[in-house]
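One letter stands for each residue in the lines below.
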Amino acid sequence: MRNIYKKAASLLLVTMILLSMVVTGAVAEAAAPTEVKSCEKKRVLYNRFEF
């Protein structure tokens, strides 16, 4: 009976890892902004960018 629990837990972990990889891949395929629309420099250490 204990062996069944180990196999079930292993299957659950593998499923979670695969799902996280699929979700990460789908998010990474989204296009990132390639150009800056505006850039304001107000202070030395604070800049405001709009993409």
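What you see is a predicted model, and the numbers here were worked out from it, not measured in a lab.

Along its length, the protein chain carries one helix and two strands. Listing each helix as α and each strand as β along the protein chain from the N terminus yields α-β-β. Within the span of the protein chain, comprising 51 residues, buried residues form 0% of the whole. When the accessible surface of the protein chain is summed, it comes to about 5300 Å², and 66% of that surface belongs to carbon and sulfur atoms.

Moving on, we come to the confidence of the model for the protein chain. Per-residue pLDDT for the protein chain averages 76, and the proportion of residues at 70 or more is 53%. The spread of mean pLDDT over the elements of the protein chain runs between strand 2 (residues 47-50), the lowest at 60, and helix 1 (residues 2-28), the highest at 87.

On the surface, Val14, Ile17, Leu18 and Met21 cluster together into a nonpolar patch covering about 390 Å² of accessible area. Relative to the elements of secondary structure, methionine 21 occurs in helix 1. For methionine 21, a relative accessible area of 55% gives the class exposed.

What counts and what doesn't
Residues numbered from 1 in each chain as written. Predicted model: local features only at pLDDT ≥ 70, side-chain atom pairs only at ≥ 80, totals over all residues. Heavy atoms only, no water. Helix = DSSP H or I, 4+ residues; strand = E, 2+ residues; numbered from the N terminus. Buried < 20%, exposed > 50% of the residue type's maximum accessible area, 1.4 Å probe, protein only. Areas by Shrake-Rupley, 256 points an atom, 1.4 Å probe, with all protein chains shown as cover. pLDDT = per-residue confidence, 0-100. Patch = residues over 30% accessible without salt bridge, like charges linked within 9 Å, V, L, I, M, F, W, Y side chains within 5 Å. Salt bridge = Lys/Arg side-chain N within 4 Å of Asp/Glu carboxyl O.

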